[in-house]
Each structure stands twice: as C-alpha cells, then as structure tokens.
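Tertiary structure, described
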Amino acid sequence: MDLPLIDWNEIWRKQQPRTFDEERNRSYWNKRAKTFSRPENVSPYVDRFLNLLQPEPHWRVLDVGCAAGTLAVPLASRVCQVTGLDISPHMLAGLQETCRAQNIQNIRPVEASWNDDWQSLGIEPHEVVIASRSVIVPDLRQAIVKLNRFATSKVCISIPVGTGPFDPLLLRAIGRPCRCGADYICVVNLLYQMGLRASLNFITYEEESGYQDEAEAFRAHQRRLGELTADEEQALRQYLRTGYIRRDDRWQRAEPLRVSWAVLDWSPVPEAPDRLP
Ligand SMILES: C[S@@+](CC[C@H](N)C(=O)[O-])C[C@H]1O[C@@H](n2cnc3c(N)ncnc32)[C@H](O)[C@@H]1O
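Report follows, based on the coordinates. Computed from a predicted model, the values in this text were never measured in an experiment. (Residues numbered from 1 in each chain as written. Predicted model: local features only at pLDDT ≥ 70, side-chain atom pairs only at ≥ 80, totals over all residues. Heavy atoms only, no water.)

Section: the site of the ligand
Residues in contact with the ligand amount to 17 residues; listed here are only the nearest, G65, T70, D86, S132 and R133. Within the side chain of T70, an N or O atom sits 2.9 Å from an oxygen atom of the ligand. Within the contact set of the ligand, an oxygen atom lies 2.6 Å away from a side-chain nitrogen or oxygen of D86. Taken by itself the ligand offers 590 Å² of open surface, and the protein chains cover 97% of this. (Near = heavy atom within 4 Å. Polar contact = N/O pair within 3.5 Å; in protein donor to acceptor, adjacent residues only side chain to side chain. Areas by Shrake-Rupley, 256 points an atom, 1.4 Å probe, with all protein chains shown as cover.)

Considering the sheet that holds strand β3 (residues 107-111)
Sheet architecture is open: seven strands sit in the order β3-β2-β1-β4-β5-β9-β6, paired in mixed fashion. Because the sheet does not close on itself, it has two edges, and the strands there are β3 and β6 (199-207). Geometrically, the sheet is characterised by an average inter-axis angle of 20 degrees between neighbouring strands, direction not taken into account. Of the pairings in the sheet, the one linking β6 to strand β9 (residues 257-266) comprises nine bridges and is antiparallel in character. Paired with T204 across the two strands is S260, which belongs to β9. Packed onto the sheet, helix α8 (residues 184-193) meets β5 (151-160), β6 and β9 and runs at close to 10 degrees relative to β9. (Pairing = 2+ DSSP bridges. Helix = DSSP H or I, 4+ residues; strand = E, 2+ residues; numbered from the N terminus. Axes fitted to C-alpha atoms, helices over the stretch in contact; angles between N-to-C directions. Contact = heavy atoms within 4.5 Å.)

Brief notes about the nonpolar core
V64, W114, V135, I157 and W266 are the most contacted members of the largest nonpolar core, which has 34 residues in total. Looking at this core, the elements that each hand over two or more residues are α1 (8-15), β1 (60-64), β4 (126-132), α6 (140-149), β5, α8 and β9. Among the elements that make up this core, the one with the highest residue count is α8 (five residues). With residues near it in sequence (within four places) discarded, W266 still touches I144, L147, N148, S153, K154, V155, I157, L191, L196, R197 and A198. (Core = buried A, V, L, I, M, F, W, Y, C linked by side-chain atoms within 4.5 Å. Buried < 20%, exposed > 50% of the residue type's maximum accessible area, 1.4 Å probe, protein only.)

A few points about the pattern of salt bridges
Tallied over the entire structure, the rule returns eight salt bridges. Between E23 and R26 there is a salt bridge, and its shortest N-O distance comes to 2.6 Å. Placement of both E23 and R26 in helix α2 (residues 22-32) is noted, with a separation of three residues, approximately one turn of the helix. A salt bridge links R241 to E214; the nearest nitrogen and oxygen atoms lie 3.5 Å apart. One end of the pair, R241, is in helix α10 (residues 230-243); the other, E214, is in helix α9 (residues 214-225), and 27 residues separate them in sequence. (Salt bridge = Lys/Arg side-chain N within 4 Å of Asp/Glu carboxyl O.)

Considering the environment of C186
For C186, the position within the fold is in helix α8. Separated by 129 residues in sequence, C186 and P57 place their C-alpha atoms 33 Å apart. If we ignore the near neighbours within four places in the chain, the residues touching C186 are W8, I11, W12 and L140.

Side note on the packing of α2 against α9
Interhelical geometry of α2 versus α9 gives an angle of 155 degrees and a closest axis separation of 9 Å. Between α2 and α9, the crossing angle belongs to the class labelled roughly antiparallel. Read as a crossing pair, α2 and α9 show a hand that is left-handed. Here α2 contributes Y28, K31 and R32 to the contact with α9, which in turn contributes R223, R224 and L225. Taken together, the residues of the contact of α2 with α9 sort by class into two nonpolar, no polar and four charged. (Parallel < 35°, antiparallel > 145°, perpendicular 65-115°, else oblique. Left-handed = near helix turned anticlockwise from the far one by under 90°. Nonpolar A, V, L, I, M, F, W, Y, C, P; charged D, E, K, R; others polar.)

Considering the side chain of E232
Examined against the element boundaries, E232 turns out to sit in helix α10. Reaching out from E232, the side chain makes a polar contact with the backbone nitrogen of T229 at a distance of 3.0 Å. Not counting chain neighbours up to four residues away, the residues in contact with E232 comprise I174, R176 and E227.

A look at the side chain of H221
As for its placement among the helices and strands, H221 is situated in helix α9. A residue is classified by how much of its surface remains accessible, and H221, at 8% relative accessible area, is buried. In this structure, H221 is in contact with L170, Y211, L236, L240 and Y244, ignoring residues within four places of it in sequence.

Right under this line is the structure:
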C-alpha cells in the first residue's frame with residue numbers, strides 16, 4: 001500500500017460524530033457553558049497541558065475554542081496577551097465574568113467560528129495558537145492550514161485518544177457508535193503528509209469528579225450527549241444504575257474512566273507542501 005495516498009482528512013471527516021450545523025453546534029455549547037470547566041470541576045488536564053506548552057512571557061496566544069477560559073485564564077498571568085475565540089456567546093460570557101472577578105485585563109474575547117474569516121474580525125497572527133480539545137471541524141486539513149496561518153512560532157492542539165472524554169461503556173449501553181481508531185492518529189498522519197513534523201505527547205488521567213447523586217449524573221451526561229431519544233434516555237438511566245456506585249460520598253463510575261488526549265505541537269509553515277495528489 002502506498003502510505004502517502006491514504007486520505008486521512010477523509011477518514012477524519014467520516015468519523016466525526018455530529019453534523020456540522022453551526023447553529024446546532026453553538027446551541028449545544030451554549031447549553032454546556034454553565035458547568036463546563038468551571039473552577040469547581042477543573043481536571044488535572046489544565047496543568048498538564050500548560051506544562052507541555054511551556055508558555056513564555058512575550059507570547060501573544062490565540063486560544064481557539066477557549067470556552068469559559070479553561071486555559072485562557074491561567075495563561076493570562078504567564079503570557080502578555082490572550083485572544084480567546086469561541087463560537088458560543090455563553091462560554092464567552094463566562095470568560096468575561098471571570099476576567100471581571102479576577103481583574104484580568106489581557107484577554108480579548110472574540111465570538112467566532114472555525115469557519116469565519118478571522119482576519120476580517122481583526123485577528124492577526126499570534127506567536128502561538130492553541131486549540132485544546134476544540135478541533136471540532138469536518139475539514140481537518142483546512143483547520144491545520146488556518147492554524148498555521150495565524151501562528152508565527154508554534155501551534156499546539158489536543159485531540160482525543162479513542163473516545164476521549166466519552167465513556168465507551170456508556171456509549172455502547174445507549175447504542176451510540178463508539179468511535180475509536182480514527183482519532184489523533186488521523187492528525188499525526190495528515191500533519192506528516194502536509195510536511196509538518198509534530199511532537200506528540202499524551203495527557204492521561206482518571207476522571208474522578210463524580211456527582212452528588214444519580215440525578216446530577218444523568219443531567220451531566222445528558223448535556224454532554226446532546227438530544228437523547230426516549231430509548232437512549234432509558235438506557236442511560238439503566239447504565240447509571242448499574243455502572244455507577246457511591247464512593248467517597250460522590251456518585252461515581254464503578255471503574256474510574258481513564259481519559260486520554262494527544263497533544264501535538266509543531267512549528268508553523270504557512271504554505272506547507274502537501275504530498276497528497
Ligand atoms: C471541549 S470545549 C474545549 C474548551 C477548552 N479549549 C478546553 O480545553 O477546556 C470545546 C470548545 O470549542 C468551542 N467550539 C465548538 N465548535 C466551534 C467552532 N466551530 N468554532 C469555534 N469554537 C467552537 C465550544 O464552544 C467549546 O467552548
């Protein structure tokens with residue numbers, strides 16, 4: 001088999017779980033904004049990502065899919081400026097709330113999508129562009145080209161390994177496809193085909209936040225899974241009854257869930273040669 005001829009972008013596109021309707025996507029993330037990565041449920045992921053990034057004080061960082069500032073907020077005290085770009089106005093409202101509460105002056109929120117013309121929104125190239133857990137695009141190649149165009153010295157992204165933050169047993173229980181395989185490996189290969197030599201690291205941890213009770217666990221999974229059919233809802237309730245237990249006074253998965261993210265960083269080449277025909 002001629003390896004350079006494999007179309008990794010197409011494999012990526014076929015494996016994407018959601019339709020890429022901008023409105024639905026925005027509404028999905030708006031609904032998750034109240035609880036997503038708020039201080040009370042920050043995971044070990046943040047410190048590990050920042051350790052790999054090694055921020056420098058002179059950097060201006062463009063944080064694509066910044067949410068309510070999971071990384072933008074801790075980055076703000078370590079770099080000179082952060083531009084936080086996100087499709088969800090509710091996420092950005094959370095970010096602004098935190099900036100006000102903590103008197104953070106060097107984060108500029110921009111409501112925009114991967115698809116928008118960033119330049120026309122006043123976004124210029126930054127030393128570093130990050131897209132952490134936010135490469136939510138059908139066209140991976142186009143996204144990589146865009147990241148390269150807006151970074152002068154480094155691009156750093158994280159991509160799920162296997163099902164990433166999703167519980168594969170839960171997905172199976174409710175009858176949704178459990179997409180393992182076409183994950184970060186598409187990105188590694190596509191970058192290679194585009195002539196970009198990325199460093200690869202992994203962040204792996206056990207999800208241990210847990211929930212107050214079964215009802216809270218149900219609501220959290222419902223938010224993450226998006227709209228559920230009646231059958232899926234019933235299967236989710238059943239799964240939570242059998243797959244979860246009370247531990248340390250929290251409602252937790254019987255077997256802690258290991259979550260793994262691949263972190264890839266590279267030096268941008270604006271017109272990276274592509275070996276695909
Ligand atoms: C899983 S969160 C990751 C947030 C943060 N970067 C982190 O690592 O915690 C994904 C974020 O990407 C944003 N997002 C999803 N689709 C997007 C799009 N098409 N354009 C811009 N942002 C998008 C969501 O609103 C959400 O805030």
